[in-house]
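Here is what each chain is made of, one letter per residue.
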Amino acid sequence: MPPIAKEICIGNLGNLQTLPDSFTWELTSADSVIPPSSAAVKESIPVIDLSDPDHVTTNLIGNACHTWGAFQIANHGISQKLLDEIESLSKTLFDMPSEKKLETASSEKGVSGYGEPRISSFFEKKMWSEGFTIADGSYRNHFITLWPHDHINNCRIIEEYKDEMEKLANRLMSSILGSLGVTVDDIEWGQKPGNSGSKVGRGAIRLNHYPVCPEPERAMGLAAHTDTTILTILHQSNTGGLQVFREESGWVNVEPSPGILVVNIGDLFHILSNGKIPSVVHRAKVNHTRSRISIAYLWCGPAGDDVEIKPIPKIIGPVGQSLYRSVTWKEYLQIKYKVFDKAFDAIRTR
Ligand SMILES: C=C1C[C@]23C[C@H]1CC[C@H]2[C@@]12CCC[C@@](C)(C(=O)O1)[C@H]2[C@@H]3C(=O)O
Ligand SMILES: O=C(O)CCC(=O)C(=O)O
Ligand SMILES: [Fe+2]
């Protein structure tokens, strides 16, 4: 029995004129992006040119992380060809009939395969989106089902994307750590005895699709959340929808621009930094006339998902206190998907 019943499958909702009740969110004025003072144009997260000298980018990245927990990057070294390839792979996938997509439905909500986002169980209303998660090698069998003749090339695109993104993620992590005055060598990647074999490895990919929506104001593409990662690198197609939240500014749009990638600080970096940098709350809205694709590379650090992550001693300082106990990514994912936005409280030491 597929986890998504046919009648509520987003793939079958394309021609609706009004939103079904199960997809109607009650959004308040605080949920809108209308600026408090009428004419003000809201400042969004900065675009940082990675071809600038290191001391310049480190500084800018440091500021953006403290202020927003997010930033955008240009000249990041990921080829436009690869970005186009993974975007068009996603389009082809989501264009398939629901029956076909459901043949690759994830057995567990939110883990490898086609289905709703994993956070959906925390919300009463349904999100106006569908997605495909690539967390381990099992995606290859799904790809054979989807593309009996073309899976080899599509698997190649995924592997290349993962490799390139992993390199970029490592580089970004070094810069962010640099802005905090430490290096990767200051991290103690402890190994929990008895923990063996990674299920998710070092990075997962989530292909997201937000179909055209009859009443976008009342719908939600992907509800507000922080990522359960060290950092996430997001490629969005040329239709906007991503919004980040900051106490002082409310919800702010992150407009797409060709070749620019978005970087979100995830919960694990917040833990590593002993609370010095926030993980960014973000969400995706939907559109009345245009569908949207986004591709997230969700990264748990260079050491895999079964190593201990805890505040970096050098950041805590000799007289400081560690705010959080150590957790592995696997463990933290379990906590997060039990208590959701209370996950930091669950691992706080005081
Ligand atoms: C490796 C991860 C990270 C996950 C869970 C698991 C697989 C899929 C990821 C996402 C992708 C879509 C948003 C999110 C919030 C979701 O619902 O599924 C992410 C979540 C997280 O960052 O917590
Ligand atoms: O589609 C977007 O812009 C956001 C996607 C996202 O937040 C995620 O996949 O974690
Ligand atoms: Fe996210």
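It should be noted that the structure appears before, not after, this text.
Keep in mind that what you see is a predicted model, and the values were worked out from it rather than measured. (Residues numbered from 1 in each chain as written. Chains lettered and ligands numbered in written order. Predicted model: local features only at pLDDT ≥ 70, side-chain atom pairs only at ≥ 80, totals over all residues. Heavy atoms only, no water.)

Caption draft 1: Structural context of the overall build of the protein. Within the protein, the regular secondary structure consists of nine helices and 15 strands. The C-alpha radius of gyration of the protein comes to 20 Å, within 12% of the 20 Å expected for a compact globule of 350 residues. Dimensions of the protein, computed from the C-alpha atoms along their principal axes, are close to 60 × 55 × 40 Å. Counting over 350 residues, the protein shows a buried share of 53%. As presented, the protein carries roughly 15700 Å² of accessible surface, and 52% of it is formed by carbon and sulfur atoms. Taking the average location of the 35 positive side-chain charges in the protein and that of its 41 negative ones, the two points are 3 Å from each other. (Helix = DSSP H or I, 4+ residues; strand = E, 2+ residues; numbered from the N terminus. Rg over C-alpha atoms; globule rule 2.2 N^0.38 Å. Buried < 20%, exposed > 50% of the residue type's maximum accessible area, 1.4 Å probe, protein only. Areas by Shrake-Rupley, 256 points an atom, 1.4 Å probe, with all protein chains shown as cover. Lys, Arg positive; Asp, Glu negative; His and termini not counted. Charge placed at Lys NZ, Arg CZ, Asp CG, Glu CD.)

Caption draft 2: Examining the pairing of strand β11 (residues 261-265) more closely. Of all the five residues making up β11, five are buried; the element is thus mostly covered by neighbouring parts of the structure. The alternating pattern of β11 places Leu261, Val263 and Ile265 and Val262 and Asn264 on opposite faces, both of which are buried. In terms of strand pairing, strand β2 (residues 70-74) meets β11 through four bridges, oriented antiparallel. Residue pairing in the sheet places phenylalanine 71 in a bridge with valine 263 of β11. (Pairing = 2+ DSSP bridges.)

Caption draft 3: Highlighting the pairing of β2. Most of β2 is tucked away, with five of its five residues classed as buried. Burial along β2 is two-sided: the face carrying Ala70, Gln72 and Ala74 and the face carrying Phe71 and Ile73 are both buried. Where strand β1 (residues 47-49) meets β2, three bridges bridge the pair, whose relative direction is parallel. If you follow valine 47 over to β2, its bridge partner there is glutamine 72. Considered for its hand, the β-α-β crossover made up of β1, helix α1 (residues 54-67) and β2 is right-handed. (Right-handed = clockwise from strand over helix to strand, strands pointing away.)

Caption draft 4: Structural context of the site of ligand 1. Around ligand 1, a shell composed of twelve residues is seen, among which Arg118, Ile119, His225, Thr228 and Tyr337 lie nearest. One nitrogen or oxygen atom from the main chain of arginine 118 is found 2.8 Å from an oxygen atom belonging to ligand 1. Among the residues making up the shell around ligand 1, the classes are represented as five nonpolar, four polar and three charged. (Near = heavy atom within 4 Å. Polar contact = N/O pair within 3.5 Å; in protein donor to acceptor, adjacent residues only side chain to side chain. Nonpolar A, V, L, I, M, F, W, Y, C, P; charged D, E, K, R; others polar.)

Caption draft 5: Geometry of the sheet that holds strand β12 (residues 281-284). Reading across from one edge, β7-β12-β9-β10 is the order of the four strands in this open sheet, with antiparallel pairing throughout. Strands at the two margins of the open sheet, each flanked by one partner only, are β7 (222-225) and β10 (250-253). Adjacent strand axes in the sheet meet at a mean angle of 20°, parallel and antiparallel pairs treated alike. Of the strand pairs in this sheet, strand β9 (residues 242-246) and β10 are connected by four bridges, and their pairing is antiparallel. Within the sheet, the bridge partner assigned to valine 244 lies in β10 and is valine 252. (Axes fitted to C-alpha atoms, helices over the stretch in contact; angles between N-to-C directions.)

Caption draft 6: Structural view of the layout of surface pockets. Estimated volume of the second largest pocket: approximately 340 Å³. For the second largest pocket, the lining is made up of 18 residues, of which Val33, Glu217, Gln243, Asn253 and Lys285 are closest to its centre. (1 Å grid on protein atoms, 1.4 Å probe; cavity = no way out; pocket = protein on both sides within 12 Å on 5 of 7 lines; lining within 4 Å. Points joined across faces, edges and corners; volume = space filled by probe spheres on them.)

Caption draft 7: The arrangement of the nonpolar core in detail. Membership of the largest hydrophobic core comes to 83 residues, with the highest contact counts inside it found for Phe71, Phe132, Phe143, Leu172, Leu231 and Phe269. By residue number, the principal contributor to this core is helix α5 (residues 151-179), which donates eleven residues. Setting aside its immediate chain neighbours within four residues, phenylalanine 71 contacts Ile45, Pro46, Ile48, Ile61, Ala64, Cys65, Leu172, Ile176, Leu261, Val262 and Val263. Core analysis: the next-biggest nonpolar cluster, separate from the first, contains 14 residues, Ala204, Leu242, Val280 and Ala296 among them. (Core = buried A, V, L, I, M, F, W, Y, C linked by side-chain atoms within 4.5 Å. Contact = heavy atoms within 4.5 Å.)

Caption draft 8: Local environment of helix α2 (residues 80-95). The end-to-end C-alpha distance of α2, which contains 16 residues, comes to 22 Å, matching closely the 22 Å that a straight helix rising 1.5 Å per residue would cover. The set of residues buried in α2 consists of Leu82, Leu83, Glu85, Ile86, Glu87, Leu89, Ser90, Leu93 and Phe94. (Expected span 1.5 Å × (residues − 1).)

Caption draft 9: Main features of the coordination of the iron ion (ligand 3). Around the iron ion (ligand 3), the protein contributes the donor atoms His225 (NE2), Asp227 (OD) and His282 (NE2), at 2.1 to 2.2 Å from the metal centre. Of note, the iron ion (ligand 3) draws all its donor residues from one chain, in the sequence arrangement H-x1-D-x54-H. On the criterion of sequence distance, the pair formed by aspartate 227 in the loop between β7 and β8 (231-236) and histidine 282 in strand β12 is long-range, its members being 55 residues apart. (Donors = N, O, S within 2.8 Å, 3.2 Å for Na, K, Ca; no water.)

Caption draft 10: Looking closely at the site of ligand 2. Close to ligand 2 lie Asn208, Tyr210, Leu222, His225, Asp227, Leu234, Leu242, His282, Ala284, Arg292, Ser294 and Ala296, which account for all nearby residues. Contact between ligand 2 and asparagine 208: an oxygen atom at 3.1 Å from a side-chain N or O atom of the residue. A distance of 3.2 Å separates an oxygen atom of ligand 2 from a polar atom in the side chain of histidine 225. Compared with its free state, where it exposes 300 Å², ligand 2 has 95% of that area covered by protein. Sorting elements by how many residues they give to the shell around ligand 2 places strand β13 (residues 292-299) first, with three residues. Its residues assigned to classes, the shell around ligand 2 comprises six nonpolar, four polar and two charged.

Caption draft 11: Examining the environment of valine 263 more closely. Looking at where valine 263 falls in the secondary structure, it is placed in strand β11. In the structure, valine 263 is positioned 34 residues away from tyrosine 297 in sequence and 9.6 Å away in space, judged by C-alpha atoms. If sequence neighbours within four positions are ignored, valine 263 has contacts with Gly69, Ala70, Phe71, Ile73, Leu172, Leu231 and Thr232.

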